[in-house]
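Report on the structure
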Amino acid sequence: MDAFSAGLLQRIRATQSDLRQAREAGDDFLAEVEQAELEDLQRLAAEHGVPVTTEPGVPVTAAVPAC
């Protein structure tokens, strides 16, 4: 795995965790911010052909087909 893919997957895992924590805390605004960040990261991963899995309880958003 190259450094770009590894870094992107690390950011996705961190954002998934932050999203889960925001939801558990009932912080709707932070959850929306984290969801938007996760969607951006998933789009970036799809554009570059990086396979993404999610944490349990964190929904996968519609993936953008790889170009």
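Residues numbered from 1 in each chain as written. Predicted model: local features only at pLDDT ≥ 70, side-chain atom pairs only at ≥ 80, totals over all residues. Heavy atoms only, no water.

Between its terminal C-alpha atoms helix 2 (residues 28–47) stretches 28 Å, which fits the 28 Å expected from 20 residues at 1.5 Å a residue. Inspection of helix 2 places Ala31, Glu34, Gln35, Leu38, Leu41, Gln42, Ala45 and Ala46 among the buried residues, and these make up the whole buried set. Buried positions in helix 2, seen along its axis, are confined to an arc of 135° and lie on one side of it. Pointing more than 90 degrees away from the buried face of helix 2 are the exposed residues Phe29 and Glu32. Elements in contact with the buried residues of helix 2: helix 1 (3–25). Note on helix 2: the residue one or two positions beyond its end, Gly49, has a positive phi of about 70°. (Helix = DSSP H or I, 4+ residues; strand = E, 2+ residues; numbered from the N terminus. Expected span 1.5 Å × (residues − 1). Buried < 20%, exposed > 50% of the residue type's maximum accessible area, 1.4 Å probe, protein only. Arc of directions from axis to C-beta. Contact = heavy atoms within 4.5 Å.)

This part covers the packing of helix 1 against helix 2. Packing of helix 1 against helix 2 brings their axes to within 9 Å, and their N-to-C directions diverge by 155°. Taken together, helix 1 and helix 2 sit at an angle that is classed as roughly antiparallel. Crossing hand, helix 1 versus helix 2: left-handed. In this structure, helix 1 contributes Phe4, Leu8, Arg11, Ile12, Thr15, Gln16, Asp18, Leu19, Ala22 and Arg23 to the contact, and helix 2 contributes Leu30, Ala31, Glu34, Gln35, Glu37, Leu38, Leu41, Leu44 and Ala45. When its residues are assigned to classes, the contact of helix 1 with helix 2 shows 11 nonpolar, three polar and five charged. (Axes fitted to C-alpha atoms, helices over the stretch in contact; angles between N-to-C directions. Parallel < 35°, antiparallel > 145°, perpendicular 65-115°, else oblique. Left-handed = near helix turned anticlockwise from the far one by under 90°. Nonpolar A, V, L, I, M, F, W, Y, C, P; charged D, E, K, R; others polar.)

Following the criterion strictly, the structure yields three salt bridges and no others. Two residues, Arg43 and Glu47, come together in a salt bridge whose shortest N-O distance is 3.0 Å. Highlighted residues: Arg43 and Glu47, both in helix 2, separated by four residues, approximately one helical turn. The partly exposed category is assigned to Arg43, whose relative accessible area is 35%. (Salt bridge = Lys/Arg side-chain N within 4 Å of Asp/Glu carboxyl O.)

By themselves, these figures tell us nothing about what the structure is for.
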